[in-house]
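Remarks on the overall topology
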Amino acid sequence: MKLKYILTLSILLFSGAVLAAQGTQSETELDHWEDLRNLLQEDEDILLLDVRSLPEYEQGHIPGATLLPHVNIPGNPPQVPKDTRIIVYCRSGNRSAQALRMLTEQGFSNVSDFGGIYRWEGELNRGSAP
């Protein structure tokens, strides 16, 4: 019984460490809004996903972002190669974290989470999704 408890606890701690490392990696890559802006200027192959709702997107979105509400990801994932660089964002960081998890579970291997749009200090585009 004691061994089973120790094994279960070890698995939980390891899982938490893996998740924490994933979050740290994403935050480190995109510490500042200018990091994202520079990445988007340097690499045209990045897929920037706004995972908020259509009304939120229309109120203002990061230039170059594609709308894909996080609730649509399970049934309608992005139609790009699984190794495409994908960066997700939402309003506060909650939905983007969920989107990162869902995309990773679907086999996308190069996904980063910018977090909330509130971190973006550049200009926003307004209007509907193409």
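Residues numbered from 1 in each chain as written. Predicted model: local features only at pLDDT ≥ 70, side-chain atom pairs only at ≥ 80, totals over all residues. Heavy atoms only, no water.

**Here we look at the sheet that holds strand 3 (residues 86-90)**
The test is simple: The pairing criterion for strands is at least two bridges between them, as found by DSSP. Secondary structure elements are taken from DSSP: a helix is a run of H or I of four residues or more, a strand is a run of E of two residues or more, and numbering for both begins at the N terminus.
With parallel pairing, four strands are arranged side by side in an open sheet as 2-1-3-4. At either margin of the open sheet sits one strand with a lone partner, and together these are strand 2 (66-67) and strand 4 (111-116).

**Quick notes on the pairing of strand 4**
Note the threshold: Here the term buried applies to any residue with accessible area under 20% of the maximum for its type, exposed to any over 50%, and partly exposed to those in between, with areas from a 1.4 Å probe on protein chains only. A right-handed crossover is one whose linking path, passing over the helix from the first strand to the second, runs clockwise when the strands point away from the viewer.
Taking burial as the measure, the six residues of strand 4 include six buried ones, the bulk of the element. Of the pairings in the sheet, the one linking strand 3 to strand 4 comprises five bridges and is parallel in character. Across the sheet, residue I87 finds its bridge partner in strand 4, namely S112. A crossover links strand 3 with its parallel partner strand 4, the connecting element being helix 4 (residues 94-105), and its sense is right-handed.

**A few points about the environment of P77**
In plain terms, the rule: Contacts are assigned to residue pairs that have any heavy atoms within 4.5 Å of one another.
In this fold, P77 is placed in the loop between strand 2 and strand 3. P77 gets classed as partly exposed once you look at its relative accessible area, which sits at 21%. Taking the C-alpha atoms as reference points, P77 and L103, separated by 26 residues in sequence, lie 7.5 Å from one another. Excluding anything up to four places from it in sequence, P77 contacts N72, Q106 and F108.

**Side note on the packing of aromatic side chains**
Our working definition: Paired rings are identified among Phe, Tyr and Trp, the last through its six-membered ring, by centres lying within 6.5 Å, and are further divided according to the angle between planes into stacked (under 30 degrees), edge-to-face (over 60) and tilted (the rest). The rule for a charge over a ring is simple: NZ of Lys or CZ of Arg within 6 Å of the ring centre, and within 35 degrees of the ring normal.
Counting across every chain of the model gives one aromatic pair. Measuring from centroid to centroid gives 5.2 Å for W33 and W120, while their planes differ by 75°, and the two rings are edge-to-face. Pair noted here: W33 is in helix 2 (residues 33-42) and W120 is in the segment after strand 4, with a separation of 87 residues, a long-range link. Overall, W33 belongs to the buried group, its relative accessible area being 10%. Residue W120 is classed as buried on the basis of its relative accessible area, which comes to 11%. A cation sits over an aromatic face here: K82 above F108, 4.3 Å from the ring centre. Here the basic side chain of R119 rests over the ring of F114, its NZ or CZ set 4.5 Å away from the ring centre.

**A closer look at the pattern of salt bridges**
Using the following cut-off: What makes a salt bridge here is a side-chain nitrogen of Lys or Arg within 4 Å of a carboxyl oxygen of Asp or Glu, nothing more.
This model, assessed by the stated rule, comprises three salt bridges. A salt bridge links R52 to D50; its shortest N-O distance comes to 2.7 Å. Comparing R52 with D50 shows no difference in burial state: the two are buried.

**Looking at the nonpolar core**
The test is simple: Definition of nonpolar core: a set of buried residues of the types Ala, Val, Leu, Ile, Met, Phe, Trp, Tyr and Cys, connected through side-chain atoms within 4.5 Å.
Ranked by size, the top nonpolar core spans 15 residues in total, and within it L36, L48, I62, I87, Y89, F114 and W120 carry the most contacts. Of all the secondary structure elements, the ones that give two or more residues to this core are helix 2 and strand 3. In terms of residues, this core owes the most to one element, helix 2, which gives three residues. Those residues in contact with Y89 that lie beyond four places of it in its chain are L48, L49, D50, V51, R52, H61, I62, A65, S96, F114, G115 and I117. In this structure, I73, V88, A99 and V111 belong to the second largest nonpolar core, which totals 14 residues.

**Concerning helix 2**
For clarity, the cut-off: The arc refers to the directions leading from the helix axis to the C-beta atoms.
Where helix 2 is concerned, the buried positions are W33, L36 and L39. Along the axis of helix 2, the buried positions cluster into a sector of 125°, meaning they face one direction only. Opposite its buried face, helix 2 presents the exposed residues Q41 and E42, each directed more than 90 degrees away. The inward-facing, buried residues of helix 2 abut strand 1 (47-50), strand 3 and strand 4.

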